[in-house]
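Examining the three-dimensional arrangement
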Amino acid sequence: MIYAPDSTTDKQLVKHSRDLVRKAMALLRQSNHLATEQRLRDELVESQNMPPRQDERKSGQDR
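Computed from a predicted model, the values in this text were never measured in an experiment. (Residues numbered from 1 in each chain as written. Predicted model: local features only at pLDDT ≥ 70, side-chain atom pairs only at ≥ 80, totals over all residues. Heavy atoms only, no water.)

Attention shifts here to the overall build of the chain. When its secondary structure is counted, the chain shows 3 helices and 0 strands. Start at the N end of the chain and walk to the C end: the helices and strands fall as α-α-α. Taken across its 63 residues, the chain has 2% of its residues classed as buried. When the accessible surface of the chain is summed, it comes to about 6400 Å², and 57% of that surface belongs to carbon and sulfur atoms. (Helix = DSSP H or I, 4+ residues; strand = E, 2+ residues; numbered from the N terminus. Buried < 20%, exposed > 50% of the residue type's maximum accessible area, 1.4 Å probe, protein only. Areas by Shrake-Rupley, 256 points an atom, 1.4 Å probe, with all protein chains shown as cover.)

Before going further, it helps to spend a moment on the pattern of salt bridges. Per the counting criterion, the structure on display carries 3 salt bridges. The closest approach of N and O atoms between R22 and D19, which form a salt bridge, is 3.0 Å. Of this pair, R22 and D19 both sit in helix α1 (residues 7-30), 3 residues apart, which is roughly one turn of that helix. Among the residues examined, R22 registers a relative accessible area of 53% and is labelled exposed. Here D42 makes a salt bridge to R41, at a shortest N to O gap of 2.9 Å. Classification of R41 as partly exposed rests on a relative accessible area of 46%. Beyond isolated ion pairs, a larger network of salt bridges with shared partners links K15, D19 and R22. (Salt bridge = Lys/Arg side-chain N within 4 Å of Asp/Glu carboxyl O.)

Below, the discussion takes up a nonpolar patch on the surface. On the surface, V21, M25, L28 and L34 cluster together into a nonpolar patch covering about 320 Å² of accessible area. Take the nonpolar patch: its biggest share by element is 3 residues, from α1. (Patch = residues over 30% accessible without salt bridge, like charges linked within 9 Å, V, L, I, M, F, W, Y side chains within 5 Å.)

The share of residues in the chain with pLDDT of 70 or more is 78%, and the mean pLDDT across the chain is 80. For the chain, the element scoring lowest by mean pLDDT is helix α3 (residues 54-61), at 62; α1 scores highest, at 89. (pLDDT = per-residue confidence, 0-100.)

In C-alpha cells, the structure reads:
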C-alpha cells in the first residue's frame with residue numbers, strides 16, 4: 001500500500017504536537033528545582049564560550 005498524506009490530518013497532528021511541547025516546556029519552567037539547575041548550566045556554558053577578557057590575553061602573552 002502506498003502512503004498518501006492527508007494534509008488536514010497532518011496539520012492537526014503537528015498542531016497537537018506543538019501544543020504538547022508548549023505545555024511540557026511551561027511545566028518545566030514552573031519546576032523551580034529543574035529551572036535553577038538549567039539556568040546554572042546555561043550560565044556555565046555561556047561563560048565557557050565567551051572569549052578571554054582583554055587583561056587575561058595580555059597576561060597570557062607575557063609568559
